[in-house]
Amino acid sequence: MSNRVVCREASHAGSWYSASGSQLNAQLEDWLSKAQSTIRPARAIIAPHAGYTYCGACAAHAYKQVDPSVTRRVFILGPSHHVPLSRCALSPAEIYRTPLYDLRIDQKVYADLWKTGLFERMSLQTDEDEHSIEMHLPYTAKAMESHKDEFSIVPVLVGALSESKEQEYGKLLSKYLADPSNLFIISSDFCHWGQRFRYTYYDESQGEIYRSIEHLDKMGMGIIEQLDPMSFTNYLKKYRNTICGRHPIGVLLNVGTTEEESAAEPRHMGRALYQLS
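Residues numbered from 1 in each chain as written. Predicted model: local features only at pLDDT ≥ 70, side-chain atom pairs only at ≥ 80, totals over all residues. Heavy atoms only, no water.

> I keep staring at the sheet that holds strand β1 (residues 7-8) and nothing clicks. Help me out?
Two strands in a sheet stick together by hydrogen bonds in their backbones, pointing the same way (parallel) or opposite ways (antiparallel). What the three strands build is an open sheet, ordered β1-β5-β6; its pairing is mixed. Two strands in the sheet have a free side with no partner beyond their single neighbour: β1 and β6 (103-104). (Pairing = 2+ DSSP bridges. Helix = DSSP H or I, 4+ residues; strand = E, 2+ residues; numbered from the N terminus.)

> Would you take a moment to explain the packing of helix α3 (residues 107-115) against helix α6 (residues 163-177) for this structure?
The axes of two packed helices give the description: the angle between them and the distance between them. Put simply, α3 and α6 touch, their axes get as near as 12 Å, and they point 155 degrees apart. Comparing their axes, α6 and α3 come out roughly antiparallel. Of the two possible hands of crossing, α3 and α6 adopt the one that is right-handed. Between α3 and α6, the residues in contact are Val109, Asp112 and Leu113 and Leu172, Leu173 and Tyr176, respectively. (Axes fitted to C-alpha atoms, helices over the stretch in contact; angles between N-to-C directions. Parallel < 35°, antiparallel > 145°, perpendicular 65-115°, else oblique. Left-handed = near helix turned anticlockwise from the far one by under 90°. Contact = heavy atoms within 4.5 Å.)

> I tried to follow the sheet that holds strand β8 (residues 152-158) on my own but got confused; where do I start?
Across the sheet, six strands lie side by side as β2-β9-β3-β8-β4-β7; this open sheet has mixed pairing. The sheet terminates laterally at β2 (44-47) and β7 (119-121), the two strands that pair on one side only. Each adjacent strand pair in this sheet contributes to an overall mean axis angle of 30 degrees, direction not counted. Across three bridges, the pairing between strand β4 (residues 88-90) and β7 is parallel. When the bridges of β7 are listed, alanine 89 appears paired with glutamate 120. Against the sheet, helix α2 (residues 52-63) engages β2 and β9 (182-187), with an angle of about 175 degrees to β2. Across the sheet, α6 lies against β3 (73-79), β4, β7 and β9, angled at about 140 degrees from β9, the strand it touches most.

This is the structure:
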């Protein structure tokens, strides 16, 4: 029987972000140096997963709120872009590689999640094809580098969940958010606009198209900050905004409704705002 450690390679390094550890480190340091720490320590952040050329500077505003001195476990919830999922899935890997250093998956938490019977096991190929979780690994490594041997990660691939499933997973994860040593990272871009996305909503009263998109996204962000899952669901039903991480966000909002401290103290919820122009 093989005891080989299963590693997920940094499959998008060299295309979506730099494969050079030194160059990547310098870029992350530069972006983080320009961001302000305003609500640290955040208990949860929402940050984008596009290529770093497009979103690296934006994501820094979320990761600047992470406090490595109190964080010992990082949950990363990302949407599935390539395989159909009606539930959530866990990785077969034990190690996630980044150009900075390797990240260790928390096998104890994984074992506890497996026992619930609510999770599928994704293949290593599916894991490496997906970018929504990977794009947060270098930033996680950088934000936590001063305590890099003292934390673990819990990556969760989130499928196209029904409202009841979002509630179920939210309830399941609520005990983890209740622990202040746990950080939740939600991977999501916001509006994908244009014919290729089959979404061309345009509120002419806002002026130019980009102003309409900005208004629509900020409306959604404002609802998210209220930690009200039903209002967020109604917003999505009304405007059909193409927020690709809507289901991970929905899970987080349902975690907040079942975790008393989170609902009472929304200041712990950080976010990254898009800079639309």
